[in-house]
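Structural features, examined
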Amino acid sequence: MKKWNVYATRRIPEPAISTIAKECNVLLNNNDRLSIRSDLLDGVRNKDAILCTLLDKIDKEVLDSAGPSLKVISSYSTGTDHIDIDEATKRGIYVTTTGDILTEAVADLTFALILGISRYIVRGHEMVTQNQWKYGWDPNLLLGSDIHGSTIGIFGLGKIGTAVAKRAKGFDMKIIYYKRNSKKNIQIENELGAKNVSNIDELVEKSDFLSLHCPLNSETYHLIDRSKLKRMKKSAYLINTARGPVVNEEHLIEALENQWIAGAALDVFEKEPPLPNNPLLKMKNVLLLPHLGSATFSTRTKMAKVAAENLLNVLNEKNPIYGANLKS
Ligand code: DGY
């Protein structure tokens, strides 16, 4: 039986690579780190499929290097901002993703960030473990902000935004949301008491927690900039589990330095990892995580299975489970 040729840019959790290897010759970037550009360009040459992660920029140059044999780019991610989908589509190459598998895990982490930033969870832990908690219970120690009764503003009420809204209802929060280019979600409004606001400025102005759940594209790049941050309440927090560049990080730093907002909890950054001299790393009013939204064993394992299935399905002329472009 003919074996397909696959370049895998990263060792992702099993059973992904072993499943693919039953039907394909897999060239695996074994360094267990990001493939450097020249390895990526060499690795994809004459391959039928690429298994990549969100760190691999799959652009025209990579597609040219792969050549006409390439049929599918299976991304071990839900976001597709690292792939030139238009160019792939023009060439008849499938782009596949891990779809909504990570929805609940990301929504959980969003709440970890909301709780963490507003109730000083990390600062409190450090205080205890570093023996800085000197005098027992203190009426004025680390007083944070209430989550119950506050307003969460959800930008992007897709699958993840909706999962966040469900959790927010459990916390007795008021839920407002804004979706670009789309109408009210009547079902969610009825079920969760969520209210659609008519524009992003209203969302920004009314939120105590502004939580971003949109893809990164030309419309959302630097969506949260100086003007939006200035409109936020001084007591509000920005929560970002979407993509770093949705927020203009330089403007966010300015906002945090000048206390235009109370704080920011970020799982994603404009540059990952942030440079060591990034001022965010030294700030007190932030909570920063290394892009952990989908990082649970169960979610990452399911993502790996789907990434393998997507890839094999396309090679075997079946529909991928989660396709981002072509329909067959
Ligand atoms: C994705 O898949 O897009 C997440 O950001 C990482 O799992």
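Presented here is a report on the structure given in the accompanying data block. (Residues numbered from 1 in each chain as written. Predicted model: local features only at pLDDT ≥ 70, side-chain atom pairs only at ≥ 80, totals over all residues. Heavy atoms only, no water.)

1. Comments concerning the overall build of the protein
Rules: Strands are runs of DSSP state E lasting at least two residues, helices are runs of H or I lasting at least four, and both sets are numbered from the N terminus onward. Radius of gyration means the value over C-alpha atoms here, while the globule rule gives 2.2 Å times the residue count to the 0.38 power. Exposed residues in this analysis have more than 50% of their type's maximum accessible area, buried residues have under 20%, and partly exposed residues fall in between, with area computed by a 1.4 Å probe over protein chains only. For this analysis, residues touch if any pair of their heavy atoms sits within 4.5 Å. In short, Shrake-Rupley with a 1.4 Å probe defines the accessible areas, and a residue's cover is counted only from the protein chains shown. We treat Lys and Arg as the positive residues and Asp and Glu as the negative residues; His and chain ends play no part in the count. Charge placement uses NZ in Lys and CZ in Arg. For Asp and Glu, CG and CD serve respectively.
For the protein, the count of helices and strands is 12 helices and 12 strands. In terms of C-alpha radius of gyration, the protein reaches 22 Å, essentially the compact-globule figure of 20 Å for 328 residues. Summarising its shape, the C-alpha atoms of the protein cover approximately 70 × 50 × 30 Å along the three principal directions. In the protein, which comprises 328 residues, the share counted as buried stands at 49%. Long-range pairs, those at least 24 residues apart, make up 60% of the contacts in the protein between residues at least 6 apart in sequence. A total of about 16300 Å² of accessible surface is found on the protein, and carbon and sulfur atoms cover 53% of it. Averaging the positions of the 43 positive and the 38 negative side-chain charges in the protein gives two centres separated by 2 Å.

2. Brief notes about the pairing of strand β11 (residues 263–266)
Here is the rule: For two strands to pair, DSSP has to find at least two bridges joining them. Crossovers are marked right-handed if the path from the first strand over the helix to the second runs clockwise, as seen with the strands pointing away from the viewer.
Residues Gly-263 and Ala-265 of β11 are buried on one face, and the alternating residues Ala-264 and Leu-266, pointing to the opposite face, are buried as well. Bridging between strand β10 (residues 237–240) and β11 involves four bridges; their strand directions are parallel. For Tyr-237, the partnering residue across the bridge sits in β11 and is Gly-263. Between the parallel elements β10 and β11, the chain passes through helix α11 (residues 249–257) in a crossover that is right-handed.

3. A few points about the environment of Asp-267
We count it as follows: Two N or O atoms count as a polar contact when they lie within 3.5 Å, although within protein this holds only if one can serve as hydrogen donor and the other as acceptor, and sequence-adjacent residues are included solely when both atoms are side-chain atoms.
As for its placement among the helices and strands, Asp-267 is situated in the loop between β11 and β12 (286–288). Once the C-alpha coordinates of Asp-267 and Lys-206 are considered, the two residues, 61 residues apart in sequence, prove to be 23 Å apart. Residues in contact with Asp-267, not counting those within four places in the same chain, are Leu-109, Leu-113, Asn-240, Thr-241, Glu-272, Leu-289, Pro-290, His-291, Leu-292 and Gly-293. Reaching out from Asp-267, the side chain makes a polar contact with the backbone nitrogen of Gly-293 at a distance of 2.8 Å.

4. Side note on helix α12 (residues 297–315)
Quick note on the threshold: An expected span of 1.5 Å times one less than the residue number is assigned to each helix.
Across its 19 residues, α12 extends 27 Å between first and last C-alpha, which sits within 8% of the 27 Å expected from 1.5 Å per residue. Taken together, the buried positions of α12 are occupied by Thr-299, Met-303, Ala-304, Val-306, Ala-307, Ala-308, Asn-310, Leu-311, Leu-312, Asn-313, Val-314 and Leu-315. Once α12 finishes, Glu-317 follows within two positions and takes phi at roughly 60 degrees, a positive value.

5. Looking at the site of the ligand
To be explicit about the condition: Here, proximity means that at least one heavy atom of the residue falls within 4 Å of the molecule or strand. Throughout, the ten residues Ala, Val, Leu, Ile, Met, Phe, Trp, Tyr, Cys and Pro are labelled nonpolar, Asp, Glu, Lys and Arg are labelled charged, and all others, Gly among them, are labelled polar.
Lining the immediate environment of the ligand, one finds Leu-54, Ser-77, Thr-78, Gly-79, Leu-102, Arg-243, His-291, Ser-294 and Met-303. Here His-291 contributes a side-chain N or O atom positioned 2.8 Å from an oxygen atom of the ligand. In the model, an oxygen atom of the ligand is placed 2.6 Å from a nitrogen or oxygen of the Ser-294 side chain. Residues belonging to the shell around the ligand are distributed by class as follows: three nonpolar, five polar and one charged.

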